[in-house]
Amino acid sequence: MNPPQKTGYREIAAAIRKEILAGIYPPASLLPSESELARRYGASRSLANRALGLLAAEGLVHPQQGRGTVVTWLPPMVHSATRYSQTTREKDGARGAFDSEVKAIGLVPKHEITVEHVEPPVEIAEALGMEAGELCLVRRRRLLASGIPVRLNASWFPLSIAENTVLEEPAPVITGGVKSALAELGYPQIAARERIVPSRLPTDAEASLLEISPERSVTDIVHFGQTADGRVVEVTTTLTPAHYLIIEHEFPLI
């Protein structure tokens, strides 16, 4: 007769993972406590803790002091040219593409915004056609889905365009996001290009803001928006945990 099989932390993690992906524990919900999980699986609390640690390393959960273990799994969002269309950005009064994407999966978008006048990095200054030492407006955003940090964005604009405009408002007041605001100011964009680094490790500061393990890969996107005369009027950087994103591009072959 074979001895009864012991439940290890990997088996506990697999069972919880299955329940998360099945929606039993939806995004932003709390998992049972370690004590409850230990009772449920007939294991020690230390094994339950190791199971949660494994799920945290995968980006499925995140421990929050004073609250417990929060489910941070989200269905990946598709990053494609479609997200930049006016229809997508302004759907149902959305404050840009991120708002629209988050609402589409049944979660609540939140923007934490700061604005300041700063000297941009050299690459951004050159793209915007700015002189060395010239200041621009940067609009930084930490974007959350039902309390889950999803993206770190920073949009850079020449002060000649953005100073004393709605772009300086430190709040999500722009229907359609910054592209709609620029169009209203007389700078509609007709083309864009992007540089995407699909996988790198975050800095400690980035990992802290995104509430992820420093070992989790992030995707780094630099977006350049151009007007009809070829002028770049917006440079936006985006940083997101890689497991939250699917990159999809369509392009001609002739």
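Description of the structure in this document.

Attention now goes to the pattern of salt bridges. It is possible for side chains of opposite charge to pair when their charged atoms get near one another. Throughout the structure, instances matching the rule amount to 13 salt bridges. With a closest N to O distance of 2.8 Å, R83 and E101 form a salt bridge. Taken together, the residues span a long stretch of sequence, with R83 in the loop between β3 (77-79) and α4 (86-89) and E101 in helix α5 (residues 97-104) at a distance of 18 residues. Note on accessibility: R83 and E101 belong to one class, buried. For the salt bridge of E112 with R142, the shortest nitrogen-to-oxygen distance reads 2.8 Å. A residue pair is termed long-range when its members are at least 10 positions apart, and E112 in strand β4 (residues 109-118) and R142 in strand β5 (residues 136-145) qualify at 30 residues.

In this section: the sheet that holds β5. Strand order in this open sheet of six strands is β4-β5-β6-β9-β8-β7, and the pairing throughout is antiparallel. One side of each edge strand has no neighbouring strand; the edge strands of this open sheet are β4 and β7 (191-200). Strand-to-strand twist across the sheet, computed as the mean angle between neighbouring axes with direction ignored, equals 15°. As paired elements, strand β6 (residues 148-158) and strand β9 (residues 232-241) share five bridges and run antiparallel to each other. Among the inter-strand pairings, L152 is bridged to a residue of β9, identified as L239.

A word on the side chain of D99. Structurally, the position occupied by D99 is in helix α5. Here D99 sits buried without a salt bridge, and the closest side chain of opposite charge, K103, lies 4.4 Å off (N-O distance). Looking at D99, its side chain comes within polar contact range of the main-chain nitrogen of R95, at 3.0 Å. A polar contact of 2.5 Å, which involves the side chain of D99, links it to the side chain of H111. D99 has contacts with A94, P109 and H111, leaving out every residue within four places of it along the chain.

Before going further, it helps to spend a moment on the environment of A57. Relative to the helices and strands, A57 is located in helix α3 (residues 45-57). By relative accessible area, A57 is classed as partly exposed at 42%.

Here the focus is a nonpolar patch on the surface. On the surface, a cluster of nonpolar side chains totalling about 490 Å² of accessible area is made up of F251, L253 and I254. Position of F251 among the secondary structure elements: in the segment after β10 (245-247). On the basis of relative accessibility, which here comes to 58%, the residue F251 falls in the exposed class.

Moving on, we come to α5. Burial analysis of α5 places six of its eight residues in the buried class, the great majority of the element. Every buried residue of α5 is listed here: A97, F98, D99, S100, E101 and V102. On its buried side, α5 packs onto β3, α4, β4, β5 and β6. Immediately downstream of α5, the backbone of G106 shows phi near 80°, a positive value.

In this section: empty space enclosed by the protein. Counted by the stated rule, this structure contains one cavity of 30 Å³ or more. There is about 390 Å³ of room inside the largest cavity. In terms of lining residues, the largest cavity is bounded by 28 residues, among which G96, A97, R141, N153 and V178 are the most central. Only α5, β4, β5, β6, α8 (177-184), β8 (218-226) and β9 provide two or more residues apiece to the lining of the largest cavity.

Calculation rules
- Residue numbering note: each chain is counted from 1, following its sequence as written.
- At least 70 in pLDDT is required for a residue's local features to be given in this predicted model, at least 80 for side-chain atom pairs to be given and counted, and no such filter applies to totals for whole chains, interfaces and linings, which use all residues.
- Only hydrogens and water are set aside when side-chain values are computed; all heavy atoms of the structure are taken into account.
- One side-chain nitrogen of Lys or Arg within 4 Å of one carboxyl oxygen of Asp or Glu is enough to make a salt bridge.
- Helix and strand definitions follow DSSP, with helices as H or I runs of at least four residues and strands as E runs of at least two, each counted in order from the N terminus.
- To sort residues, take the accessible area from a 1.4 Å probe on protein chains only and compare it with the maximum for the residue type: under 20% means buried, over 50% means exposed, and anything in between is partly exposed.
- By the convention used here, strands pair only if DSSP detects at least 2 bridges between them.
- Where helices are involved, their axes are fitted lines through C-alpha atoms of the stretch in contact, as for all axes, and angles between N-to-C directions lie from 0 to 180°.
- Residues scored as positive are Lys and Arg, those scored as negative are Asp and Glu, and His as well as the terminal groups of each chain are ignored.
- Pairs of N or O atoms within 3.5 Å make up the polar contacts considered here, provided that, within protein, one atom can donate a hydrogen while the other can accept it, and that residues adjacent in sequence are counted only when both atoms are side-chain atoms.
- Only heavy atoms matter for contacts: two residues are in contact if any of them lie within 4.5 Å across the pair.
- Nonpolar side chains (Val, Leu, Ile, Met, Phe, Trp, Tyr) are joined into patches within 5 Å and like charges within 9 Å, using only residues with over 30% relative accessible area and no salt bridge.
- In short, Shrake-Rupley with a 1.4 Å probe defines the accessible areas, and a residue's cover is counted only from the protein chains shown.
- Within this scheme a cavity is a closed region of a 1 Å grid, computed over the protein atoms alone, that accommodates a 1.4 Å probe without allowing it to escape, whereas a pocket is open but has protein on both sides within 12 Å along at least five of seven lines; lining residues each have an atom within 4 Å of a point.
- Grid points are joined across faces, edges and corners, and a volume is the space filled by probe spheres set on the points.

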